[in-house]
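Structural description and commentary
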Amino acid sequence: MLALTLNPGFVPLLAVFLVLAAPRGLRAPTMAGAAVLALWLLLDHEFGAASAMAQMGLPVVLLNLDALNRIFGIALLLALIIVAIYSGARRNRYEDAAILTMCGGAVSALFVGDLISFVASASLAGLAAAWLVFCSTLEDANRAGGRLLIWHGLEGLLFLVGVAFHLSSGAQSAVLGRLDVATIGGGFIFAALMIRVGAPLAHVWLKDAVSHASPVGGVALTAMTTMLGVYGLARFFPGEPLLLAIGAAMIVIGAFYAAAEDDLRRAGAYALMAQTGVCVALIGDGAPLAMAAAEGTAFTAIFAFMALQATLGAVVERVGAAARVSALAGLSRAMPITSFLLIGAGLAVSAAPGFALYATHTVALQATAEWEKLWLWTLIAALPAVLLVSLTLRIVLAAYRPLARPPRMNEAPYSMLLGAGLASFFCISVGLAPRWLYGLMPAELSFDAFAIDRLAPQLELLGVAGLLGVAFRVFGLSPKANFAQLLDIDALYRGPLASAGRWSGVLLLRAYGAWQELSRGVARAIAAAVEGWISRCDRPYATSIASFVQIAVISGVLGLMLFAR
Amino acid sequence: MSKRPQPPSQSGLVGVAILFCFVAAAVGLGFDFAVRARGNFWIGAEPGGAAAIGAGAAVFSVLAARAALLILRRRPPAPIEEEGGDAGAHS
């Protein structure tokens, strides 16, 4: 029982019951209080495994604290505090419960010390993510929630099969060590984690979920979904060469879509995919500095993208629909504080010096500065510039575009502004004083992010990219902001594959109907024949072949009964 | 005679953005060439290389946006013409 209270993830899970019963005014403090209590439990405990128990012959280690899960745990619990503050203005207790369940599941998964508990907690977090989307009142949210449920159901199935194969090969469940992708169990677990991080072909769930979730839900999903997958990869597959290519593909695909997507929350989700790709590729590198960079980038990306999604969520709250670049003109007059926060959030995701992402971006560049990893270094170096032009400049130039008749909207609710501002504050505070973050990393890191030979190239990169981005816009080379929806891989399974499924269903139903008709006709014919034969039994002495056969059969049966032994 | 209100100019905003970016680029390039040592692991990491990467990233962003809108834009569904679509128009 003592062990149950030790895993910090159980605190948000227990708080779910309080939130479901609490009045509206107490729900946000309850969520924030649960996060603070969980943080206290986390920071109060020493490294190492706590008490273990056995269930069905398998060891269950409910708490195993080390430097790797501590940095992710601190990030997720701080994120929960921001979400709690951000959620103060709305009334959906089920959404609060879903957020706490998702956070509790994710944090529990970080700190458990055995594979089965990890899979159970991660699956709980996945189901809660789908519940969070179902809670949204935006158009088509129910269908998006259903799709997310399918993705996480598939992920859970892969996890279960992987764990079953892994344990059946004689491995210890209580040892959370490196797994091998080449084994069947390891391969299935790897595939499940690919879904969780949003690897190419499985990346569509994130933008689908974030763009259909409520403003609060979008912020929570941004912080607590993909980064659990990054932790899983860092724990089970460090130094896996496949991850280098997968991470690079995530960077390219994320940057490509972020440049063109009109719905800004989707664009933000694609940008998060690109930054997650940086973490994945660094884990694939596997060197101590690269692992530290991956963990640091995951930490800072959580707050940078929370700040972006929180600010965009404030726009969604007032507009009542998606925050589109094409519909953002005049926003600075209607929502001046939100527009100002958008500038900060945009700079934060672009890894501008002084913001948190810059502090870990420089570590990532240092970790990959080798001739053999030249292509990865270039992708990581170019990503902030792409995000500056695709997201920050697009948003700021659209929001500050004056209109003759600006839209009539109120500024976002105070709690939303406070939450978004707090996320930006975290970005700036970590960005200006990154040493405490470096101190949290598993590898001892003495790094000066503001050394002139690191600061100058970043300023140069962003400055030149920004100048060219503005020039392209002024000279009309950039595409104009028009309403547009882009096709992604989900168009395949929601379009042709869904149609093929529907057609195959219709065909199967028709085949089944034809089979039923045929079997009914055959049964009818057999019944008629039997009925005719039986009716002839009523007249056994009539002169016919049938009566002769009947008498012969009856005589034969009687003879057998009388004489056969 | 009434005049339709004209949208205000955006030149001030663009000017501020250009100013910020120009200052960042100039300071970055200046310090990069003045302080950083040469002989890095490839030409992109040499002084001035970040500017080239930034320019490439800006071009990539524009090309990616154009290509995505050209190839991947979802076509709006064609309006369905129903028989008697104007039924009830006279009610």
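What counts and what doesn't
- Residues numbered from 1 in each chain as written.
- Chains lettered and ligands numbered in written order.
- Predicted model: local features only at pLDDT ≥ 70, side-chain atom pairs only at ≥ 80, totals over all residues.
- Heavy atoms only, no water.
- Helix = DSSP H or I, 4+ residues; strand = E, 2+ residues; numbered from the N terminus.
- Buried < 20%, exposed > 50% of the residue type's maximum accessible area, 1.4 Å probe, protein only.
- Contact = heavy atoms within 4.5 Å.
- Areas by Shrake-Rupley, 256 points an atom, 1.4 Å probe, with all protein chains shown as cover.
- Lys, Arg positive; Asp, Glu negative; His and termini not counted.
- Charge placed at Lys NZ, Arg CZ, Asp CG, Glu CD.
- Buried area = accessible area lost by both parts, 1.4 Å probe.
- Salt bridge = Lys/Arg side-chain N within 4 Å of Asp/Glu carboxyl O.
- Polar contact = N/O pair within 3.5 Å; in protein donor to acceptor, adjacent residues only side chain to side chain.
- Nonpolar A, V, L, I, M, F, W, Y, C, P; charged D, E, K, R; others polar.
- Expected span 1.5 Å × (residues − 1).
- Axes fitted to C-alpha atoms, helices over the stretch in contact; angles between N-to-C directions.
- Parallel < 35°, antiparallel > 145°, perpendicular 65-115°, else oblique.
- Left-handed = near helix turned anticlockwise from the far one by under 90°.
- Domains from an automatic or database assignment.
- Phe/Tyr/Trp six-rings, centres within 6.5 Å; stacked < 30°, edge-to-face > 60°.
- Disulfide = S-S within 2.5 Å.
- Patch = residues over 30% accessible without salt bridge, like charges linked within 9 Å, V, L, I, M, F, W, Y side chains within 5 Å.
- Core = buried A, V, L, I, M, F, W, Y, C linked by side-chain atoms within 4.5 Å.

**Examining the overall build of chain A**
A tally of regular secondary structure across chain A gives 24 helices and four strands. Expressed as lengths along the three principal axes of its C-alpha atoms, the size of chain A is roughly 115 × 65 × 55 Å. Here chain A holds 565 residues, and the buried ones make up 57% of them. Considering only residue pairs separated by 6 or more positions, chain A has 79% of its internal contacts joining residues 24 or more positions apart. Accessible surface computed for chain A: about 22700 Å², of which carbon and sulfur atoms make up 69%. Counting 34 positive and 30 negative side-chain charges, chain A places the centres of these two groups 12 Å from one another.

**Concerning the interface of chain A and chain B**
Tallying the contact residues gives 53 residues for chain A and 47 residues for chain B. When chain A packs against chain B, close to 4200 Å² is buried across both sides, 78% of that on carbon and sulfur atoms. For the interface between chain A and chain B, the tally reads zero salt bridges. For the interface between chain A and chain B, the tally reads six residue pairs in polar contact (both at pLDDT 80 or more). Broken down by secondary-structure element, the contributors of at least two residues to the side of chain A that touches chain B are helix H12 (242-260), helix H18 (374-399) and helix H21 (452-474) of chain A. The element best represented in the side of chain A that touches chain B is H21 of chain A, accounting for 17 residues. A per-class count over the side of chain A that touches chain B returns 39 nonpolar, nine polar and five charged.

**Focus: helix H6 (residues 115-134) of chain A**
Taking 1.5 Å per residue, 20 residues should reach 28 Å; H6 of chain A reaches 29 Å between its end C-alpha atoms and fits that length. Its side-chain oxygen 3.4 Å from the backbone nitrogen of Ile116 of chain A, Asp114 of chain A forms the N-cap of H6 of chain A.

**Topic: the environment of Tyr438 of chain A**
All names here are of chain A. With respect to the secondary-structure elements, Tyr438 resides in helix H20 (residues 435-440). The exposure class of Tyr438 is buried, given its relative accessible area of 3%. Between the alpha carbons of Tyr438 and Gly296 there is a distance of 7.6 Å; along the sequence they are 142 residues apart. Excluding residues that lie within four positions of it along the chain, Tyr438 makes contacts with Ala359, Thr362, Val363, Ala443, Leu445, Phe447 and Ala449.

**Overview of the packing of H12 of chain A against helix H2 (residues 49-71) of chain B**
For the pair H12 of chain A and H2 of chain B, interaxial distance at closest approach is 8 Å and the crossing angle is 75°. By the angle class used here, H12 of chain A and H2 of chain B are roughly perpendicular. Side by side, H12 of chain A and H2 of chain B meet where Val252, Ala255, Phe256, Ala259 and Ala260 of chain A of the first sit next to Phe60, Ser61, Ala64, Ala65, Ala67, Ala68 and Leu69 of chain B of the second. Of the residues assigned to the contact of H12 of chain A with H2 of chain B, the class counts are 11 nonpolar, one polar and no charged.

**Quick notes on the pattern of salt bridges**
All chains considered together, the criterion is met by 11 salt bridges over all chains. A salt bridge links Asp262 of chain A to Arg324 of chain A; the nearest nitrogen and oxygen atoms lie 3.4 Å apart. Linking Asp262 of chain A in the loop between H12 and helix H13 (264-285) with Arg324 of chain A in the loop between helix H14 (288-319) and helix H15 (331-334), this pair joins segments that are 62 residues apart in sequence. Since its relative accessible area comes to 2%, Asp262 of chain A is described here as buried. Across the pair Asp32 of chain B and Arg36 of chain B runs a salt bridge, and its minimum N-O distance is 2.8 Å. Exposure class is identical for Asp32 of chain B and Arg36 of chain B. Each is buried.

**Topic: the packing of helix H8 (residues 184-197) of chain A against H12 of chain A**
Residue and element names in this part refer to chain A. For the pair H8 and H12, the least separation of the axes is 13 Å and the interaxial angle reads 20°. One element, H8, and the other, H12, form an angle in the roughly parallel class. At the point where H8 passes H12, the crossing takes the right-handed sense. The residues of H12 that touch H8, namely those facing Phe190, Met194 and Val197, are Leu242, Leu243, Ile246 and Met250.

**What to know about the environment of Leu468 of chain A**
Note that Leu468 of chain A resides in helix H21. Along the chain, Leu468 of chain A and Asp96 of chain A lie 372 residues apart, while their C-alpha atoms are 43 Å from each other. Residues in contact with Leu468 of chain A, not counting those within four places in the same chain, are Ala55 and Ala58 of chain B.

**Overview of the domain arrangement of chain A**
Per the domain assignment, the segments of chain A are domain 1 (1-152 + 195-210), domain 2 (238-482) and domain 3 (497-563). Distance from the C-alpha centre of domain 2 of chain A to the C-alpha centre of domain 3 of chain A: 74 Å.

**Quick notes on the packing of aromatic side chains**
Counted by the stated rule, this structure contains 15 aromatic pairs over all chains. With a centroid separation of 5.9 Å and an interplanar angle of 80°, the aromatic rings of Phe299 of chain A and Trp436 of chain A are classed as edge-to-face. Placement of the pair is Phe299 of chain A in helix H14 and Trp436 of chain A in helix H20, with a sequence separation of 137 residues. Take Phe299 of chain A: its relative accessible area is 3%, and that puts it in the buried class. Pairing Trp377 of chain A with Trp42 of chain B gives two aromatic rings, centres 6.1 Å apart and planes at 85°, and the pair type is edge-to-face. With Trp377 of chain A in helix H18 and Trp42 of chain B in the loop between helix H1 (11-35) and H2, the pair connects residues from two separate chains. Relative accessible area serves as the criterion here: at 9%, Trp377 of chain A is assigned to the buried category.

**Notes on the state of the cysteines**
Tallying each qualifying case throughout the model produces zero disulfides over all chains. No disulfide involves Cys279 of chain A; its sulfur sits 14 Å from that of Cys427 of chain A, the nearest cysteine. We note that Cys21 of chain B lacks a disulfide partner, and the nearest cysteine sulfur, in Cys427 of chain A, lies 20 Å from it.

**Quick word on a nonpolar patch on the surface**
Taken together, the side chains of Ile452 of chain A together with Ile18, Leu19, Phe22, Val23, Val27, Phe31 and Val35 of chain B make up a nonpolar region of the molecular surface, amounting to roughly 660 Å² of accessible area. With seven residues, H1 of chain B is the largest single contributor of residues to the nonpolar patch. Tracing the backbone shows Val23 of chain B in helix H1.

**As for H14 of chain A**
Residue and element names in this part refer to chain A. Look at H14: 46 Å from first C-alpha to last across 32 residues, which is about the 46 Å you get at 1.5 Å a residue. Among the 32 residues that make up H14, 27 are buried, leaving the element largely enclosed by the rest of the structure. Positive backbone phi, approximately 85°, marks Gly320, located one or two places after H14.

**Focus: the environment of Glu295 of chain A**
All names here are of chain A. Topologically, Glu295 is positioned in helix H14. Sequence separation of Glu295 and Arg435 is 140 residues, and the distance between their C-alpha atoms is 14 Å. If sequence neighbours within four positions are ignored, Glu295 has contacts with Leu68, Ile71, Phe72 and Pro442.

**Digging into the nonpolar core**
All names here are of chain A. Judged by nonpolar contacts, the single largest core of 205 residues is most densely connected at Leu233, Phe237 and Met306. Top contributing element to this core by residue count: H14, with 20 residues. Both domains that furnish three or more residues to this core are identified here as domain 1 (1-152 + 195-210) and domain 2 (238-482). Setting aside residues up to four positions removed in sequence, Phe237 forms contacts with Leu179, Asp180, Val181, Gly186, Ile189, Phe190, Leu193, Gly232, Leu243 and Ile283.

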